[in-house]
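These are the residues of each chain, in order.
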Amino acid sequence: MTTTPSAAAAAAAALQPSCKMNKAQIIIVTLLAFVAIIPFTVRYPFNTNEQQLYPTTTTETKSSNGGLLRPMTMADLPPSTRIKNEITILQKDVESLEKQFMDLSNEMTQLTSNNSYNNKEVATSNGLRTGNGGQSTNNNVDNKNNKNEETNPNNDGVPVDRFAQFKERTPKKWWIKSDVFGSSTSTATSPSNPPANTNGAIIPFDLSVNHLQLVKSAPGSPYTDLTVNEDFLPVVLLNDITFRWRSKSRPGSRPRDGEKITAYQIIARRALYSSHNDDDDDDSAIILWDSGKVNVHDGMPDVVTYNGTDMVVGSVIEWKVIVWDSSIPNGLASSSDWSKFAIGPSQSEWQGQWISHPIDIESWDETDASAFWTPTNMEGTPQQQKACSNWETRSQLPIFRTKFSALHNAEKNNDEEVATALLVVSGLGSFRASIDGKPLSSSGPLDPPLTDFAQRVSYRGFDVTPYLTGEGAKVAHVVGISTGSGWWDHRPIGGSFIRLFFFPHGAVTVVAQLHITYKSGKTEVVIPTGHKSSGWQVAKGHLRESSLFTGEYIDLQSKAEFDGWDSAQSWKALYSDPNESRDIHAFVEPERYISDTTIEKWREALHVKAKATTMNVRHKLPLHKLAPIGRLVPHESPPVLPMEKIYPDEIIDLGEGRWLIDFGKGFSGMLRFEDGLPEPIVPAEGYPRGHDVSTLAEDESFITVVYGDRLEMFTHDINLALVAGMGLHDGGPRHKAKKQGDAEAKGGPCYPKDHISAGSLLQRDVYILPKTDDGKGSFSDARQSHFTTHSFQYAEVCCTEAPPTGVTALAYRSSFKEWGDFSSSNVRINGGYELIKNALNANLLGIQSDCPHREKIQYGGDIIADSPAALHIYDMSAFYRKVVLDWSDQQWDNGAYSGTSYWLMLNDQTGIGSGSGETVWASAPVVMTARHMQHYGDLVFLERTLDKHFKWLQFLHTHFDSGMKRKGYDEELKDYWKSGSGLGDWLGFRQRDTWLTHEGFYMASARSVAYIAEKLGTKGSELELALAISNLVKERISRLYLKNNQGFVPPDPRANVMSPGQEMGLFSRMVPGDRRCNVLRHYFTRKGHTWPGSAEMSFLRHITEETLQSMKATGEVTIRGRNTNAMGWSQWNGFNEGIFAVRYALKTLSESGYHNVALDKANGFGVGTYDYLLSHNATTMWESWWRSEDLYSHNHPMLGAAAEWMVSAVAGVELEPTTTGGKEVLFWPRFPNSANTLEYAGATQGTRRGDFAIAWEFLDLPEDDTLYDTASVKIHIRAYVPPDGKATLRLPEYSNGEGVDSTLKKALLLPDMDEARSLSLEECMDRRKSKQYGFGYNWEFDRETMLWEKIERNKSIGTPCRHFLFHSNLENVEWDEPVTTPGVSDNGIEVTLTPGLYDVVVDDWQLKPEVNDETEKDWRIGDRQEYYTS
């Protein structure tokens, strides 16, 4: 059987208002619990968030003492016949429950038909809802007595519930579906100017192949003369071609015509290059595939798979899609623009072989591979010294080139002319390709992106047809490839945070070949690397060193001498004189890269090191010279490109030729000097910290560029980030700096000598030129570094006679589409959103890193925490697919997933052993696969990964309980009251409940496997085992955390302050419906505390008495201990939670009727708030809620999950929990008590269907803002649903205890949404540039007075901008006749929205004051008594 959409939606909604459950709701929840366990159920009240419930049965297998579950085996599962019998019984129960549900639904319908909609009398004395944040205000309660916690146990030893005296409030029964606008075929009012029916109402756009979109030109590209038309050409394999697109409404069309696609047609042709390539009637077009007109009944398909036979490897193909709309009788057609992709070679179709410079091949010793697997010191072991010496021999980076003759012959006929030409290239560590001196893309720093290079390596494809056709067919051409060391041949150093030595590595190497397709259809591969006949050459180029972490040493003289090296004009044959060939810059014949080991041997060594094998052998260090290289695959995600060109906010003269450049925000990239650099000078008093370069020759001059994301507190110099974890810190509780010398000692003998005096590895580029006048080159030739990215807001250029002119910064990130936005009237909340977005931008560089300078790698926990925000802002379809595949490569043979990708033995000790990463972190691939399905609907991806995920679940099933026991967790959690072994809710103010997060994500893994299996229609062991484990773990958690009636906390009463706690139980629905209100009451008893952080305590010692008293008056400062001033972190007026609980808390509060409290947290001030970060000049999220000048990163998005809450609750749009492929959204805006908190908000949410949008504002606000707490106003809502989309709008439930009426209307003709959005963005940018509306102050340290001062200074960050749905361009929309929906005090109203633009006005909305009592002592760090004493 299946559940109907209305029943599922009603039941899902019933799970949300936690304090309001009655018998009817309990029946509904039970119904869905039974329905969800039936394997062939098609719809769940299931959200792919990692902790959203997957309702299951309640049976449990316990150990004999009732404690931890014994490891269950497949034999414990009931046989198939028994399962069938149980399903039959359950089906009967479901039918009975469905009947009860329908009876209750009919009863509700009957009540509403008897005008119960208009019954607005609401009791207030008996605890019913009164509009006070969803709570009553029972004045008869003795608050003082309620503070006394009942600790006397009952006869069974269980403590008395302190809130047992309270009667549960009458629940909201369910959300009432209201068919305001009727069916899609209903007759609407005709527009005054109906459209001329010539084009269809639906425009297809954002075409993608295998989730990859063509990037014609990166927004920040410094190259304006690219002959090739695209910065990224998607390349796919012939047996794996899938087409997708999104839809938008044609301006002036009728919404009913654009409700859904009724048919589509895909046409693919050989790419055209004439000026008429958009001409559909071009006679020269060769059609390679025509799907024909395909009728569809359910609208846009999730995917269309190529099933033709005419495409061949090497083809460059243009394609478009034509769609027919819903207009009567047969639909009208619209076409997309042409897009482009290419067919690349599979591994077996590669003729090219990996090649390297001979010096690079020869400079490896077999002990180099594992030299740093053993501890090091400053001198290092003999093996480490040898590895360092070898690396220094080859540190100068090679460049490769080849020349091929003209492809045109006058004797050839037209059929033998070139039709298309595809150059495919890859390089390790990183590469940039060119032809005839022209760069083929502005990518390079991280191309290819990080994967396990021993298992798979990405390659790029470049359409070079324009070079080789026309006049280009008559001349010779040169292909060039320049390289960086990347992750492949980095400087061999030890490390504390990042273990570079565990990566596979070898000589810098490239592979390439050129696919020619002739007009006759004949294909040919030319110039494959590794073949003598191809004529490839290699030389050491102008980069003396290129480090992904520290930067580049750029030899400007060599750069000048190599000018034109990749063009035919500068081509020279190989030197015949052996003496000439010894010149390091001479071009020589490359050698083939041949590994002297195998992937099996390499992985075996890692297995043993990770303790992921039971092999009873002594671990031997791997011995080989060159690591194996994995299979070549086309780029799986968009490449890292310059996505923004940023101009300086300010250039400050620091004296003696040192120039500080402030770019206004943090990002990843490098400086670009369009005019080159001025001449250098030598400062009279010596080079400042970080700018001394001691390893150069005496006759060489240099200019340094040092990058950083903050300024030092006392010196105002750049704060040196902890590059690769090598810096002045020890990770202690007070975050005190280490003495100088410790960093290089850990780094070993290859720690860069000219970084030692700085005390930390530097983010630094060095431009070098000999002082002699007889050589080539000039500092004016300097442009940028290429194979590194730096994380920075500030850059210091030192030392030059004048500031650089024409300087910009290039901000790089993976080039996927940004499709989400948010803004509101609240500067602090806007600022928080920008902090999160800026940090994500800086860390999405081929992988999702934790921070863009210290580690640069993927942590599973960070991705689980951040991905809801990233999925809102960007189209992550290809990117997150790659992330999961990265983890699949890291899976050990026993099924364990690592906590990071690539595996680097980071935090493995926090996992359950046997190679597993920390349980939360290692659950990332399976959780992200489920989220991918919800957003993008890719069933093929589920099929590709299910076996891997099931293997992980089997590993947990076998190892989890024994692993937890070894970590010291008692079966009944006896004496468990502080952070155990694990990362858990990382880096909040509270102790971490690591047992709960270990167990919770064991459950999440099981739920995700069950979800994936169900979506694939699997009815076998995967689904059965996953459902059983999910239920068993959930019951184990609930039994222990609810047993003492003290909320949702561990049994030990001392543990009730850990995080996550109540919020995780509520958010994940582990707390049953009849206990949720009680748990919420306990949740509101939580308090904050004072904070002894060293930076904050130092701050208080360096402010005036007047400032101190002012901060005490606001509650930001309180007393710690007997009489010590301290800042306080808040539970309810700021954030104390770690990376997971911050989202659990905000979502739980807003969904449970306490949105005002969630807003208080986001709008708070003092330590642990966005206000605090912004006041200390943050432009990206920090790693911690407190200040840290030496340890924690200042560009770290892991605490950024709140961005998704801002969109879903503050603005009011999120994916509907049961949707797949982003087909349906839930519009559910929540509103503040007072307009002083928010006056308006809006957000856009992109999906695979198109862009959904919602915005709201208060109307009729009084001019006197002192009345913003008491005025009666209206709420104005606008919402937009794209073609083929569906939405549910939840109208406001009540105001001041009464149901409120809402008037709804729908646009008769759709306006130009793109134009409104563009104009709105332009106006917002003007507001930002003015810096008059953003965050208004910051703290600055005065070095003369040695005091912190609060400086009034407007900034752009946080600038309020109205959403484009309220842009003036939309004021002239013609609307249908309005429909009024009466309000109901006991229930919410849901309206189904089909595609179109909607306008809603909610009448008579009563504003009221926020409930904070700021007169109470320590109110900021207190509890919320008003919510647990009534």
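The rules behind the values
Residues numbered from 1 in each chain as written. Predicted model: local features only at pLDDT ≥ 70, side-chain atom pairs only at ≥ 80, totals over all residues. Heavy atoms only, no water. Helix = DSSP H or I, 4+ residues; strand = E, 2+ residues; numbered from the N terminus. Areas by Shrake-Rupley, 256 points an atom, 1.4 Å probe, with all protein chains shown as cover. Pairing = 2+ DSSP bridges. Axes fitted to C-alpha atoms, helices over the stretch in contact; angles between N-to-C directions. pLDDT = per-residue confidence, 0-100. Contact = heavy atoms within 4.5 Å. Buried < 20%, exposed > 50% of the residue type's maximum accessible area, 1.4 Å probe, protein only. Polar contact = N/O pair within 3.5 Å; in protein donor to acceptor, adjacent residues only side chain to side chain. Core = buried A, V, L, I, M, F, W, Y, C linked by side-chain atoms within 4.5 Å. Expected span 1.5 Å × (residues − 1). Bend = angle between axes of the 7 residues up to and from the residue. Left-handed = near helix turned anticlockwise from the far one by under 90°. Salt bridge = Lys/Arg side-chain N within 4 Å of Asp/Glu carboxyl O.

Draft legend 1. View of the overall build of the protein chain. Scanning the protein chain from terminus to terminus reveals 28 helices and 50 strands. Carbon together with sulfur atoms contributes 47% to the accessible area of the protein chain, which is approximately 50700 Å² in total.

Draft legend 2. Representation of the sheet that holds strand β33 (residues 821-824) within the structure. The seven strands are arranged β33-β41-β42-β43-β50-β45-β48 in an open sheet whose pairing can be described as antiparallel. Of all the strands in the sheet, just β33 and β48 (1379-1381) have a single pairing partner and so form its edges. Across the sheet, the axes of successive neighbouring strands diverge by a mean angle of 15 degrees, strand direction being ignored. Of the pairings in the sheet, the one linking strand β41 (residues 1240-1246) to strand β42 (residues 1251-1259) comprises seven bridges and is antiparallel in character. Its bridge partner lying in β42, Ala-1241 is registered against Trp-1256.

Draft legend 3. Molecular detail of the confidence of the model for the protein chain. With 83% of its residues at a pLDDT of at least 70, the protein chain reaches an overall mean of 86. Note that residues 20-90 has pLDDT below 50 and, in this model, 194 contacts with residues that lie over four places away or in other chains. Below a pLDDT of 50 lies the segment residues 104-151, which in the model reaches 83 contacts outside its immediate sequence neighbourhood of four places, other chains included.

Draft legend 4. The side chain of Asn-390, seen in detail. Of note, Asn-390 is situated in helix α6 (residues 382-394). A relative accessible area of 9% places Asn-390 in the buried class. A polar contact is formed between the side chain of Asn-390 and the side chain of Asp-368, at a distance of 3.0 Å. What Asn-390 contacts, discounting residues up to four positions off in sequence, is Ser-363, Trp-364, Asp-365 and Asp-368.

Draft legend 5. How the structure looks around the nonpolar core. Ranked by internal contacts, the top residues of the largest apolar core, which has 274 residues, are Trp-487, Leu-671, Met-876, Tyr-1170, Trp-1185, Phe-1227 and Leu-1393. The leading source of residues in this core is helix α18 (residues 994-1015), at twelve residues. Residue contacts for Met-876: discarding those within four places in its chain leaves Phe-816, Leu-844, Gln-848, Ala-870, Leu-871, Arg-881 and Tyr-936. Counting 28 residues, the second-largest nonpolar core is a separate cluster that includes Val-418, Phe-431, Leu-440 and Leu-468.

Draft legend 6. Structural view of the sheet that holds strand β16 (residues 438-439). Taking strand neighbours across the sheet as the criterion, the five strands line up as β16-β15-β18-β13-β21 in an open arrangement whose pairing is antiparallel. Here the strands that pair on one side only, and so sit at the sheet edges, are β16 and β21 (537-540). As paired strands, strand β13 (residues 398-404) and β21 are joined by four bridges and run antiparallel to one another. Note that in β21 the partner of Phe-400 across the bridge is Val-538.

Draft legend 7. Quick peek at the pairing of strand β11 (residues 339-343). Counting buried residues along β11, five of its five residues qualify, which places the element largely inside the surrounding structure. The alternating pattern of β11 places Ser-339, Phe-341 and Ile-343 on one face and Lys-340 and Ala-342 on the opposite face, and all of these are buried. Two elements, strand β3 (residues 235-236) and β11, share two bridges in a ladder whose sense is parallel. The residue of β11 that forms the bridge with Val-236 is Ile-343.

Draft legend 8. Spotlight on helix α17 (residues 939-966). The end-to-end C-alpha distance of α17, which contains 28 residues, comes to 38 Å, matching closely the 40 Å that a straight helix rising 1.5 Å per residue would cover. When the local axis directions of α17 are compared, the greatest deviation, roughly 50 degrees, occurs at His-959. A side-chain oxygen of the first residue of α17 lies 3.1 Å from the backbone nitrogen of Val-940; this N-cap is Asp-938. One or two positions beyond α17, positive phi appears at Gly-968, with a value near 100 degrees.

Draft legend 9. Structural view of the packing of α17 against α18. As a packed pair, α17 and α18 sit with axes 9 Å apart at the nearest point and diverge in direction by 145 degrees. In this structure, α17 crosses over α18, and the sense of that crossing is left-handed. Between α17 and α18, the residues in contact are Leu-939, Leu-942, Leu-946, His-949, Phe-950, Trp-952, Leu-953, Leu-956, His-957, Phe-960 and Met-964 and Trp-995, His-998, Glu-999, Tyr-1002, Ser-1005, Ala-1006, Val-1009, Ile-1012, Ala-1013 and Lys-1015, respectively.

Draft legend 10. Representation of the side chain of Arg-394 in the model. Secondary-structure assignment places Arg-394 in helix α6. Taking the relative accessible area as the measure of exposure, Arg-394 reaches 5% and is therefore buried. Among the polar contacts listed, one links the side chain of Arg-394 to the backbone oxygen of Ser-363, at a separation of 2.6 Å. The contacts of Arg-394, once residues within four sequence positions are left out, are Ile-359, Asp-360, Ser-363, Trp-364, Asp-489 and Lys-540.

Draft legend 11. Summary view of the environment of Phe-1099. Among the secondary structure elements, Phe-1099 is positioned in helix α22 (residues 1094-1101). A relative accessible area of 1% means that Phe-1099 is categorised as buried. Distance from Phe-1099 to Met-1127, taken between C-alpha atoms, is 9.7 Å for residues 28 residues apart in sequence. In this structure, Phe-1099 is in contact with Met-1111, Met-1127, His-1176, Arg-1187, Trp-1339 and Trp-1348, ignoring residues within four places of it in sequence.

Draft legend 12. Region of interest: the pattern of salt bridges. This model, assessed by the stated rule, comprises 60 salt bridges. Between Asp-206 and Lys-817 there is a salt bridge, with the nearest N and O atoms lying 3.6 Å from each other. Taken as a pair, Asp-206 in strand β2 (residues 202-209) and Lys-817 in the loop between β32 (807-814) and β33 lie far apart in primary sequence, 611 residues in all. We note a salt bridge from Arg-1278 to Asp-1399, for which the minimum N-O separation is 2.8 Å. On the criterion of sequence distance, the pair formed by Arg-1278 in strand β43 (residues 1272-1281) and Asp-1399 in strand β50 (residues 1396-1406) is long-range, its members being 121 residues apart. Residue classification places Arg-1278 among the buried positions, given a relative accessible area of 9%. By relative accessible area, Asp-1399 is classed as buried at 4%. Three or more residues joined by partner-sharing salt bridges are found here, namely Asp-206, Arg-246, Lys-817, Asp-821, Asp-1251 and Arg-1317.

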